[in-house]
Amino acid sequence: MEGLEKSNPNSWKIKYRCTGKGNGDRGCVEWILVTKDDIFVTSRGYYKSSREYYYTFRCPKCGRNTNIPEKYIPEIVRNKAMEKYKELYMN
């Protein structure tokens, strides 16, 4: 019997439907293979203390953004996306 391989965040990917969820719900409904490099953070709110953050990908077919629930994304991938967000928007 073989043990389960540990999940490697560098090879993380998920098949997810482009729905536009959280971004107007006008996705093309194509299944997209999303990798760690496709994930970026979007946010909503008026003040830093009351912002909501979302993990998002842009569909290569229609260009619409779709939010993926964070429970489907490994913590290390979420952290890396948040670091990029903070670097771009919070300095």
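All values reported here derive from a predicted model rather than from experimental measurement. (Residues numbered from 1 in each chain as written. Predicted model: local features only at pLDDT ≥ 70, side-chain atom pairs only at ≥ 80, totals over all residues. Heavy atoms only, no water.)

**Concerning the nonpolar core**
Step number 1: Core analysis: the largest hydrophobic core is formed by 17 residues, its most contacted members being Val 34, Ile 39, Tyr 55, Ile 68 and Ile 73.
Step number 2: Of all the secondary structure elements, the ones that give two or more residues to this core are β1 (13-17), β2 (31-35), β4 (52-58) and α1 (75-89).
Step number 3: If sequence neighbours within four positions are ignored, Ile 39 has contacts with Trp 12, Val 34, Tyr 55, Thr 56, Ile 68, Ile 73, Val 77 and Ala 81. (Core = buried A, V, L, I, M, F, W, Y, C linked by side-chain atoms within 4.5 Å. Buried < 20%, exposed > 50% of the residue type's maximum accessible area, 1.4 Å probe, protein only. Helix = DSSP H or I, 4+ residues; strand = E, 2+ residues; numbered from the N terminus. Contact = heavy atoms within 4.5 Å.)

**Thoughts on the state of the cysteines**
Step number 1: Here the structure, examined in full by the defined rule, presents 0 disulfides.
Step number 2: The thiol sulfur of Cys 59 is not disulfide-bonded, and the nearest other cysteine sulfur, from Cys 28, lies at 3.7 Å. (Disulfide = S-S within 2.5 Å.)

**Focus: the confidence of the model for the chain**
Low-confidence regions, as indicated by low pLDDT, have predicted coordinates that should not be scrutinised in detail.
Step number 1: Mean pLDDT over the chain: 89, with 88% of residues reaching 70 or higher.
Step number 2: Under a pLDDT of 50 for its full length, residues 1-5 has, in the predicted model, 0 contacts with residues more than four places off or in other chains. (pLDDT = per-residue confidence, 0-100.)

**A short note on the packing of aromatic side chains**
Step number 1: Scanning all chains against the criterion turns up 4 aromatic pairs.
Step number 2: Seen in terms of ring centroids, Tyr 16 and Tyr 72 are 6.5 Å apart; in terms of plane orientation they differ by 55°. Their pairing is tilted. Here the residue Tyr 16 occupies a position in strand β1, and Tyr 72 occupies one in the loop between β5 (65-68) and α1, the gap between them amounting to 56 residues.
Step number 3: Summarising the aromatic geometry, the rings of Tyr 85 and Tyr 89 are spaced 5.1 Å apart at their centres and angled 45° between planes, so their arrangement reads as tilted. In this pair, Tyr 85 and Tyr 89 both sit in helix α1, 4 residues apart, roughly one turn of the helix.
Step number 4: Counting every residue linked through ring pairs, the aromatic cluster contains Tyr 16, Phe 57 and Tyr 72. (Phe/Tyr/Trp six-rings, centres within 6.5 Å; stacked < 30°, edge-to-face > 60°.)

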